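Chain by chain, the residues:
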Amino acid sequence: MDCISICNSIFDTLKQLLSSTLFPSAYSIHPFFTRTRKLDFSSLFLFLLRQYDKSCPINLLDFFEEFSSSRISSPSKQAISKARRGIHPQAFAQLLSLSSSQYYLLSNNIRTWHGFHVLAVDGTTLQMPQSKQNLEVFGASSNQTGVHFAIASASLLYDTLNDILLDAKINSYCYGERLFAKEHLAAFSCLNLPLSPLFVFDRGYPCVELCRNLQNQGYSFVMRIKRNTPAIKKMVGKDEWISYGTPYPKENPVRVRALRILLSSGEEEYLITNLSDPNITLESFRELYFLRWKVETKYWELKHRFQIERFSGMTPWTIQQDFYITLFLSNLVSIIKKDTDKIIKEKTQGRKNKEYSYQTNRGMLINRVKKYLISFFTGKEKRESLWEKILDAGIKTRSQVRKNRSYERKAKHTRRKYHSNRKPC
């Protein structure tokens, strides 16, 4: 399978990095890991990747049972808590870059829209463990009673058609979305991937500086813009070129294509873009902006399936580690799901009832990936056997695809995090 070979390549590369001296030395904090300890950099790195929702002592017992051939003795939970302060969170951020770059370099079936890779940029907030340090580092939001909750801002650069996360950032609660977008552009240029990006933004992002930055780098973009924007108010038709920005010398306006699109609800939305191809119609842009909604469902998956806000530590350092580990696991699940979906489609193609189509149950696949991830590095069980177990579980627990499914967006949300019908994976 194409995607299995991609995952094997990711595992082999990670194994080489951990066995080398360059990776541990680049991401270990002095004076950690300078002396021989019960748990070295590589073993601790794999232990943190495991990400089981159990107490630390139980996780340690399970982990060292899998590494039963190792001479390393099980350390205490206090030693684990202290040792993980010696691994920089960017070590796990590198795993996210590794998974995305390997996918685009090795995959033979990358989906595009009119030849473009649709990359959505969107932000969210994450509730942090309540501690004085988190309140100082990330900031806080207060409710109507004046109680302050530690909150962080996060942002994703997400390929909506291929379900791959290319970049992610986490920062303080007051950190702006446009600042995140600027960092995503810098990170994307460093990846050096053979992609033709089309960046899609929500209505909180449009500004002259960002538009000019995208144009100077040769990137295409589509942004939703507020209807009360002065340049939009002057629009006469549904598709025309306008000058966006203030006419002052400090902020010279940019020429963009403005689009007025009628939604199924009867409302109108406005988009600006630098795509000049007349063959891309208003209906095409309507479909394009609808693709951006997939980044919202990705956030739902991260918060409710992966339970990204259930951190294994209390400090900002450990929170950032867990953040990038979760996103790396999400990419692995997305890559494997492509193969299981393909097998399900082949198995159900010849059935009489062709009205329904099926896909892999994502919750089950998340569980299987977490369960067998470390086994790919221990060598106790052959990879072929592990892949057979994962694929078999993914194929058997398939779910029906409900086409044209839509939900009304709620204006108010409860602070209740975990619901009875949203079980952890």
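Placed above this text is the structure.
Remember, predicted model here, so these are calculated numbers, not experimental data.

*Asks:* Got a minute to help me understand the pairing of strand β3 (residues 148-159) in this structure?
*Replies:* Burial analysis of β3 places 10 of its 12 residues in the buried class, the great majority of the element. Judged from the nine bridges that link them, strand β1 (residues 117-127) and β3 form a sheet pairing that is antiparallel. By the bridge assignment for β3, L119 is matched with D159. Of the pairings in the sheet, the one linking strand β2 (residues 140-142) to β3 comprises three bridges and is antiparallel in character. Across the sheet, the residue bridging to S142 is H148, located in β3. Linkage of β2 to β3, two consecutive antiparallel strands, is achieved through a turn of five residues, within which G146 is found at a positive phi near 90°. Where β3 lies against strand β4 (residues 164-172), eight bridges are found, and the strand directions are antiparallel. Along β4, the bridge assignment pairs Y158 with L165. Joining the antiparallel neighbours β3 and β4 is a turn of four residues, in which D163 adopts a positive phi near 55°.

*Asks:* I keep staring at empty space enclosed by the protein and nothing clicks. Help me out?
*Replies:* To find the voids left in a structure, one rolls a probe of water-molecule size over its atoms. Across all of its chains, the model carries two cavities of 30 Å³ or more by this definition. In this structure, the largest cavity occupies an estimated 50 Å³ of space. Where the lining of the largest cavity is concerned, the elements lending two or more residues are β3, α12 (293-305) and α13 (316-348). Broken down by element, the lining of the largest cavity gets its largest block of residues, three residues, from α12.

*Asks:* Looking at this structure, I do not really get the pattern of salt bridges. What am I missing?
*Replies:* Side-chain pairs of opposite charge can arise where the charged atoms are in close proximity. Under the counting rule described, the total for this entry stands at 17 salt bridges. Linking D163 and K298 is a salt bridge whose minimum nitrogen-to-oxygen distance equals 3.1 Å. Taken together, the positions of D163 in the loop between β3 and β4 and K298 in helix α12 put the pair 135 residues apart, joining distant regions of the chain. Exposure class is identical for D163 and K298. Each is buried. In this structure, the salt-bridge partner of D163 is R362, at a minimum N-O distance of 2.4 Å. Of the two residues, D163 is situated in the loop between β3 and β4 and R362 in helix α14 (residues 362-372); the sequence distance between them amounts to 199 residues. In this structure D163 comes out as buried when scored by relative accessible area, which is 13%. Where salt bridges share partners, they join D122, D202, R292 and E296 into one cluster.

The rules we used
Residues numbered from 1 in each chain as written. Predicted model: local features only at pLDDT ≥ 70, side-chain atom pairs only at ≥ 80, totals over all residues. Heavy atoms only, no water. Buried < 20%, exposed > 50% of the residue type's maximum accessible area, 1.4 Å probe, protein only. Helix = DSSP H or I, 4+ residues; strand = E, 2+ residues; numbered from the N terminus. Pairing = 2+ DSSP bridges. 1 Å grid on protein atoms, 1.4 Å probe; cavity = no way out; pocket = protein on both sides within 12 Å on 5 of 7 lines; lining within 4 Å. Points joined across faces, edges and corners; volume = space filled by probe spheres on them. Salt bridge = Lys/Arg side-chain N within 4 Å of Asp/Glu carboxyl O.

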